[in-house]
Every structure is written in C-alpha cells, then in structure tokens.
Amino acid sequence: MISRFALLATRKSATAECVSSLRSFSNANKFRPRRRPGKNYNAAGKSAIKKPHHKQRSRGKKEPNDVSTAPRPTIDFSNIKITDVVDEGDEYTAEELIAEFGPLAGGALNMERREIESGELDIEAQLKMMDYFTSAPGSTEDLVAERRILAMETPDEQERLALIQEIDRLVEEERLRDMDLPHTEPITLEDLEKEQNTGSTEVPHNQLAHGEWGEMLIRTDRVCKMWRGGRIESYRALVVGGNLRGCGGFGIGKSFEPEDAVAIASRMAKRNIFFVDRYRNKGLTRDLTGRQNSCKVYLRATDNGLRGNPLCCEILKFFGITNVVAKAHGNRNHYNVCRATYKALQTHESLDDIAMKRGLRLVNLQKAKRLQI
C-alpha cells in the first residue's frame, strides 16, 4: 500500500521535470546575441511603444491661497510724472561744452541748444542732414546738402564761391603734401620760348653715343593666363634693333594691348644692348656658337656675304655684320633663335683681345717701322 508521503514525492518530481522541460524549450527558442548590445541600442519593440500622453494643466487663474510663486507688485503709472532732472544752474555753457567734448562735438551741441531755444527744431531738416552724411559722394543728396550748407554759412554768392575755392586749395595742398613730391621750380612761358629759340632738343643717350638707331618688329603673340577669376589675355612682342656700327639689342614686352606691348619691347631693346668689335667692320674673327634651351645657332666667319637663317641674318644686319653664314638647329622658334644668336655674339673676341691673351703683337717691329705705325 502506497503511503501518502510517496504520492506527494512523485507528484513533486513530476512537476519539477515539467518546469525544467519548459525552461529548456523557452531558452532554446530565445535569441542570444554574440556580443552585448551597446548603450545606445534600442529595440524596435521599445521604440514602437507609445508613451502615455500627459494632459497639460490649464494655465488659468491661480487659487487665492496658492503660495508657490510670489505675486507681482502692481504699479500705478498715473501718479508718475517725468520732469527735468537738470537744474538751471547745472547746465554747461558754450565754452564748457567745447572744453569738455571738443570743438566739433561742442559746436554741434551748442547749435542744437540754440535751435531748441529758438523753437526752430525741424525733424525734416534733421532727416535731410542724416541723408547727407550717409549719401555717396557726388550723389543728388550730397550736392543738395552741400548747396544748403553753403547757403546757410555764406548768403552772398561771391563769398560762397571764394569759400569753395579756398576749400579746394586746402584739399589740393594736403594731397600734394601727402604725396611727398620733390621740390621743383615751375616752368614759365619765358623758359619755353627760350628753349624754342635756341633750338635745343633732347636726344636719346643711345642715339647720341652710338649713332642712328633702327628697330624691327619680329613677332607679336596673344598669350593667355588662367587665374581664379577666369582667363586673362595679353600680348607679347619681340623687337630687335641696332645702329649698324657694332651695337644692337633685343627686347620683349607684354601688355594688354599690342601697341603697348610693342612700345615696351622697343624701350627694352634700347636698354638691353650688346657691343661687337667687328673684323674689318663687316665680319667676325672666328666661328661662334650659341645655345638657348634645345636650339643651337652656329655663326661661321666667311668673306662672301650674309646668308643662312633669316632671323639670324636680320639680327646681324643691325650689328653691321655682312660676312657670316648663320645656321640654327633644334627648336627654332623666334625667341630661342634670338637669344641663342645674342649669346653667340657675346663670345666674340677682337684681334686685340686675342693678342693680349696670347701675349703676342699684331704687327712685328720691322713691319710697324716700315708702315710708320
């Protein structure tokens, strides 16, 4: 016969088995992430849950016994009157205003006081004055206000013109003083007439020292440069010149107009000059070579005329050299050929220079005595 305690034990064990089986089933179906979720992670179910809406309290009239906030004091504005706090004895005089605030501000305060005392304070006039001070120079408001101020200060027309001339003179003197120009004596009509009668004209230094100067425009190019604001176009000119007596030069000028570029190149050609001591006033003493970038220029001394590269021949003509064969190899653009030619002419040496380097005389003593040198 089964006792009562055995029945209770079997029932307890069966209940424990059912609970453990249910727990294992629930744990098997539950999702377990591999890592612990971060602090800012919110499950979709939590965000979807709507929070209960709290009803706002009506801001109506407070209860008379509510002491949470102190009551605001009530002010009766009907009994308040605005009076002048400055006594008659405390007012500034005209001299005290100028001494306290300066001549400009003190004078303006004195003028306002006189207008208030005379009752001539006009709001429209004040607004017009404000327009004058804020208007651009040369505008209609500026001209109208200037004419009105001159009419108030000087009622006479002649005095007004004299005042304007005096102001312009002072402004011009101050402008010249700021420019810090050197002191020069003014040119009078007598000086101009004396110069015309004498016939003295200014001659360029290059022309005076080296004879008549001739120039030739070789090339004018339009060049572009990219900036942040866009493309800027300008012009470049190449000019060569000389006096046909062993003196020549070249110049490159740039400007926004082709005429200005040519003028600048002409000035640079007169400034950038070279000298060549010609052999018998028409040739070279030896062969010359010049190089610029990938361009090579060969000048070979001959006695049967000038021929070869056209640009080299034009440059040599301005030097007065007529017995040379000129050859150019490589990148033969005008700028490279011109620079290479002048570099070759810079290496030229006269017979005197060669004799001094070698320590020899050009003519021996017997020949010099026979030629009576």
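Details of the structure are given in the entry above.
Cut-off values and rules
- Residues numbered from 1 in each chain as written.
- Predicted model: local features only at pLDDT ≥ 70, side-chain atom pairs only at ≥ 80, totals over all residues.
- Heavy atoms only, no water.
- Pairing = 2+ DSSP bridges.
- Helix = DSSP H or I, 4+ residues; strand = E, 2+ residues; numbered from the N terminus.
- Axes fitted to C-alpha atoms, helices over the stretch in contact; angles between N-to-C directions.
- Contact = heavy atoms within 4.5 Å.
- Salt bridge = Lys/Arg side-chain N within 4 Å of Asp/Glu carboxyl O.
- Buried < 20%, exposed > 50% of the residue type's maximum accessible area, 1.4 Å probe, protein only.
- Polar contact = N/O pair within 3.5 Å; in protein donor to acceptor, adjacent residues only side chain to side chain.

Colleague: For the sheet that holds strand β5 (residues 288-292), give the residues involved together with the corresponding values.
Modeller: Read from one edge to the other, the open sheet built from four strands follows the order β5-β6-β8-β7, with strand pairing classed as mixed. Lying at the two open borders of the sheet, with one neighbouring strand each, are β5 and β7 (306-308). Pairs of neighbouring strands in the sheet enclose a mean axial angle of 15 degrees, with direction left out of account. The sheet contact formed by β7 and strand β8 (residues 324-330) spans three bridges and is parallel. Looking at the pairing, Gly308 lines up with Ala326 of β8. Across the sheet, helix α10 (residues 310-319) is in contact with β6 (295-301), β7 and β8; its angle to β7 comes to roughly 155 degrees. Set on the sheet, helix α11 (residues 334-346) makes contact with β5 and β6; between it and β5 the angle comes to about 140 degrees.

Colleague: Run through the side chain of Asn336, naming residues and quoting values.
Modeller: Mapping Asn336 onto the fold places it in helix α11. The contact partners of Asn336, leaving out residues within four places of it in the chain, are Gln292, Asn293, Cys295 and Asn331.

Colleague: Break down the pattern of salt bridges for me, with residues and values.
Modeller: According to the stated counting rule, one finds seven salt bridges in the structure shown. Among the ionic pairs, Glu349 bridges to Lys357, the shortest N-O distance being 2.4 Å. Several salt bridges share partner residues, and in doing so they unite Glu166, Arg169 and Glu173 into one network.

Colleague: Could you give me a rundown of α10, with the residues and numbers involved?
Modeller: The element α10 is largely enclosed, with a buried count of seven among its ten residues. Of the residues making up α10, those classed as buried are Leu311, Cys312, Cys313, Ile315, Leu316, Phe318 and Phe319. A side-chain oxygen of the first residue of α10 lies 3.1 Å from the backbone nitrogen of Leu311; this N-cap is Asn309. Downstream of α10 by one or two residues, Gly320 has phi in the positive range, about 85 degrees.

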